[in-house]
Amino acid sequence: MSYVETETASQPDCWRRAAKLAGDHAAALPATGERIAVVGCGTSFYMAQAYASLRETSGQGESDAFAASEFPFGRSYDRVVALTRSGTTTEVLELLTRLRGTTRTVAITADPETPVMSAADDVVVLEFADERSVVQTRFATTVLTLLRAHLGLHTEDAVRDAETALAEPLPEGLVDCTQFSFLGQGWTVGLANEAALKMKEASLSWTESYPAMEYRHGPISIATAGTATWMFGTAPEGLAEQVLATGARWVRSDLDPLADLVRVQRLAIARAAARGLDPDLPRHLSRSVVLDEA
């Protein structure tokens, strides 16, 4: 098995461990009522989007999400949360350095032997969720599980759904689709963005992602026989029927949306295998983006 296959399969156990740790790290994580920003790069940025939406819509405080390189330094926040698997990403470290002494920061990482340990005011290390693969799977979903648990929004049902997502076969013929559109609403928009990225990284697939209500405003024109539209969570009324009328496949699940993301990870791996690609060695990518100093 590839590293990414092994790491994908380990997610239910990782989620259970993360949920139990949430209380231990309560002081480092944002308190109810704080105004926060959550930052990351790539997959971590999309997990930041999901967390920020969950936190704000659950009434626990104003929450923004930014790619680390796009952080608005003119805004005032009570706390900035940085998500970084490697702890070495240049944009994240530069951001934390600029915020030192002015805004409290917390980093969630997988590696306790990296520069982020001293760059942030507080650090949460999920070393058990670290990965050898370039393509992120379990670290990203474990971080979001930790944060959902901290918000009081995680249940054991999500873990059981992840086990189901790993055990059940993928829909027949889905691997052969030529294009994939991923849709979400609220916090699942971040999951849709991550799903599209995962398919690109692991299998070089043509993918897009949108807020579900935006899909009718142009993107649905790409839907046709041989393409798939995948909805995370509850779909807007009538959208499934409109997609099916194009001849495209409509995919959704009653699983917890984070568990449904596990199905996309499996699809990305399966599609890579079908195309003769190695998902552990994605084209033009490295495990961490570390830029040379100017």
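Before reading on, note that the structure itself is shown above.
Another aspect to go through is the overall build of the protein chain. Across its full length, the protein chain carries 10 helices and 9 strands. The C-alpha radius of gyration computed for the protein chain amounts to 19 Å, which stays within 12% of the reference 19 Å derived for 294 residues, consistent with globular compactness. Taken over the C-alpha atoms alone, the protein chain extends approximately 55 × 40 × 40 Å along its principal axes. Within the span of the protein chain, comprising 294 residues, buried residues form 57% of the whole. Taking the contacts inside the protein chain whose residues are at least 6 apart along the sequence as the reference set, 71% of them involve residues at least 24 apart. As displayed, the protein chain has an accessible area near 12,400 Å², and 49% of this comes from carbon and sulfur atoms. Each charge sign in the protein chain was given a centre, from 26 positive and 39 negative side chains, and these centres are 1 Å apart.

Turning our attention to the sheet that holds strand E1 (residues 36-40). Within a sheet, adjacent strands bond to each other through the backbone by hydrogen bonds, running parallel or antiparallel. Within the open sheet, the 5 strands sit side by side as E2-E1-E3-E4-E5. Their pairing is parallel. In this open sheet, the two edge strands, each paired with only one partner strand, are strand E2 (63-67) and strand E5 (122-125). Each strand of the sheet is rotated relative to its neighbour by a mean of 20°, with strand direction disregarded. Relative to E2, E1 runs parallel, the two being bridged by 5 bridges. Of the residues in E2, the one forming a bridge with alanine 37 is aspartate 64. Relative to strand E4 (residues 104-109), helix H6 (residues 138-150) is tilted by about 135°, and along the sheet it contacts strand E3 (79-83), E4 and E5.

Scanning the model with the defined rule gives 9 aromatic pairs in all. Between the aromatic rings of phenylalanine 45 and tyrosine 46, the centroid separation amounts to 5.5 Å while the plane-to-plane angle is 35°, which identifies the pairing as tilted. Take phenylalanine 45: its relative accessible area is 18%, and that puts it in the buried class. Taking 6.4 Å as the distance between ring centres and 10° as the angle between the ring planes, the aromatic pair formed by phenylalanine 180 and phenylalanine 182 counts as stacked. Clustering of aromatic rings is evident, with ring pairs tying together Phe66, Phe71, Phe73 and Tyr77. The aromatic ring of tyrosine 77 is capped on one face by arginine 35, whose charged end is 4.7 Å from the ring centroid. One cation-aromatic arrangement involves arginine 98 over phenylalanine 73; the distance from NZ or CZ to the ring centre is 3.6 Å.

This paragraph deals with the pairing of E3. Within E3, 5 of the 5 residues are buried, leaving the element largely enclosed by the surrounding structure. Here E1 pairs with E3 via 4 bridges, running parallel. From the neighbouring strand, alanine 37 faces E3, where its bridge partner is valine 80. In this sheet, E4 lies alongside E3 in parallel orientation, the contact comprising 5 bridges. Bridge pairing links valine 81 to valine 106 in E4. Read as a crossover between parallel neighbours, the route from E3 over helix H4 (residues 90-99) to E4 is right-handed.

In this section: the packing of H6 against helix H10 (residues 257-274). Two elements in contact, H6 and H10, have axes separated by 11 Å at closest approach and are oriented at 180°. Classified by the angle between their axes, H6 and H10 sit roughly antiparallel to one another. For the pair formed by H6 and H10, the contact residues are Thr141, Leu144, Thr145 and Arg148 on the first element and Leu258, Leu261 and Gln265 on the second. Its residues assigned to classes, the contact of H6 with H10 shows 3 nonpolar, 3 polar and 1 charged.

End to end, H6 covers 18 Å across 13 residues, agreeing with the expected 18 Å (1.5 Å per residue, within 8%). For H6, the buried fraction is high: 12 of the 13 residues fall into the buried class. Listing the buried residues of H6 in full gives Arg138, Phe139, Ala140, Thr141, Thr142, Val143, Leu144, Thr145, Leu146, Leu147, Arg148 and His150. Positive phi shows up at glycine 152, right after H6, with a value of about 80°.

Cut-offs used in this document
Residues numbered from 1 in each chain as written. Predicted model: local features only at pLDDT ≥ 70, side-chain atom pairs only at ≥ 80, totals over all residues. Heavy atoms only, no water. Helix = DSSP H or I, 4+ residues; strand = E, 2+ residues; numbered from the N terminus. Rg over C-alpha atoms; globule rule 2.2 N^0.38 Å. Buried < 20%, exposed > 50% of the residue type's maximum accessible area, 1.4 Å probe, protein only. Contact = heavy atoms within 4.5 Å. Areas by Shrake-Rupley, 256 points an atom, 1.4 Å probe, with all protein chains shown as cover. Lys, Arg positive; Asp, Glu negative; His and termini not counted. Charge placed at Lys NZ, Arg CZ, Asp CG, Glu CD. Pairing = 2+ DSSP bridges. Axes fitted to C-alpha atoms, helices over the stretch in contact; angles between N-to-C directions. Phe/Tyr/Trp six-rings, centres within 6.5 Å; stacked < 30°, edge-to-face > 60°. Lys NZ or Arg CZ within 6 Å of the ring centre and 35° of its normal. Right-handed = clockwise from strand over helix to strand, strands pointing away. Parallel < 35°, antiparallel > 145°, perpendicular 65-115°, else oblique. Nonpolar A, V, L, I, M, F, W, Y, C, P; charged D, E, K, R; others polar. Expected span 1.5 Å × (residues − 1).

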